[in-house]
Amino acid sequence: ITDKLKGSFKGAVIIAASCFTGDDEVLASAFFKRGARAYIGFKGKVSPPYIDAFIIKLLQELYVEKLPLEEAFAEVKTEFRSDPRYGGTPMLYLP
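Note that this is a predicted model, so its numbers are computed, not measured.

1. Observations concerning helix α3 (residues 69-80)
Right, so step 1: With 12 residues, α3 extends 16 Å from end C-alpha to end C-alpha; this agrees with the ideal 16 Å at 1.5 Å per step.
Right, so step 2: Among all positions in α3, only L69, A72, F73 and V76 are buried. End-on view of α3: buried residues confined to an arc of 95 degrees, all on one side of the axis. In α3, the exposed positions angled more than 90 degrees off the buried face are occupied by E70 and T78.
Right, so step 3: Looking at the buried side of α3, the elements it contacts are β1 (13-15), β2 (38-43), α2 (48-63) and β3 (89-93).
Right, so step 4: Looking one or two residues past α3, R81 carries a phi angle of roughly 50 degrees, positive in sign.

Here is the structure:
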């Protein structure tokens, strides 16, 4: 995947809103090599409504409540737990 990424992601928080994007650190590592400061993916299968609700709540915690990324992620993950339909869960990777 590293050879497919172009440009720099310096300081970016990558949110990969799809199934299986957090199953391991392969995708996260590729973005870290290009400068990303965090990577959020989903382990296992997740439904679109779950992903949407999770991301909206995470962005509210980050930009409205002004929480640091790790704290915001932990709070939202605790609230949302796993996808009730498929059982997938959000994952946060840091370099």
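2. Points about the sheet that holds β1
Right, so step 1: In space, the three strands of this open sheet follow the order β1-β2-β3, with mixed pairing throughout. Sheet topology places β1 and β3 at the edges, where each strand pairs with a single neighbour. Strand-to-strand twist in this sheet, taken as the mean axis angle between neighbours without regard to direction, amounts to 20 degrees.
Right, so step 2: Pairing analysis gives five bridges linking β2 to β3, with the strands arranged antiparallel. The residue of β3 that forms the bridge with G41 is M91.
Right, so step 3: Along the sheet, helix α1 (residues 26-33) contacts β1, β2 and β3; its crossing angle with β2, the most-contacted strand, is approximately 165 degrees.
Right, so step 4: Here α3 sits on the sheet and contacts β1, β2 and β3; the angle it forms with β3, its principal contact strand, is near 165 degrees.

3. Thoughts on the side chain of D83
Right, so step 1: Tracing the backbone through its elements, the reader meets D83 in the loop between α3 and β3.
Right, so step 2: The side chain of D83 is buried and forms no salt bridge, while R85, the nearest opposite charge, is found at 6.7 Å.
Right, so step 3: Here Y86 takes part through its backbone nitrogen, which lies 3.3 Å from a polar atom of the side chain of D83.
Right, so step 4: The residues contacting D83, other than those within four sequence positions of it, are V46, S47, Y50 and G88.

Reading the values: the criteria
- The written sequence of each chain sets the order in which its residues are numbered from 1.
- Reporting of local features is limited, given that this is a predicted model, to residues whose pLDDT is at least 70; pairs of side-chain atoms are given and counted only at 80 or more, and all residues count toward the totals for whole chains, interfaces and linings.
- Side-chain metrics rest on all non-hydrogen atoms present in the structure, leaving aside hydrogens and water.
- In this text, helices come from DSSP runs of H or I with a minimum length of four residues, and strands from runs of E with a minimum of two, each type numbered from the N-terminal end.
- In this analysis, the expected span of each helix is defined as 1.5 Å times one less than the number of residues it contains.
- Residue burial is assigned from relative accessible area. The probe radius is 1.4 Å, only protein chains are included, and a residue is buried under 20% of its type maximum, exposed over 50%, and partly exposed in between.
- The arc refers to the directions leading from the helix axis to the C-beta atoms.
- Residues are treated as being in contact if the distance between any of their heavy atoms lies within 4.5 Å.
- Pairing between strands requires that DSSP locate at least two bridges from one strand to the other.
- Think of each axis as a best-fit line through the C-alpha atoms, taken over the contacting stretch in the case of a helix, with angles from 0 to 180 degrees between the N-to-C directions.
- For the purpose of counting charges, residues Lys and Arg are taken to be positive, whereas Asp and Glu are taken to be negative. His and the chain ends are not included.
- By definition, a salt bridge exists where a carboxyl oxygen of Asp or Glu is found within 4 Å of a side-chain nitrogen of Lys or Arg.
- Any pair of N or O atoms that falls within 3.5 Å is considered a polar contact. Within protein, one atom must be able to donate a hydrogen and the other to accept it, and sequence-neighbouring residues count only if both atoms are side-chain atoms.

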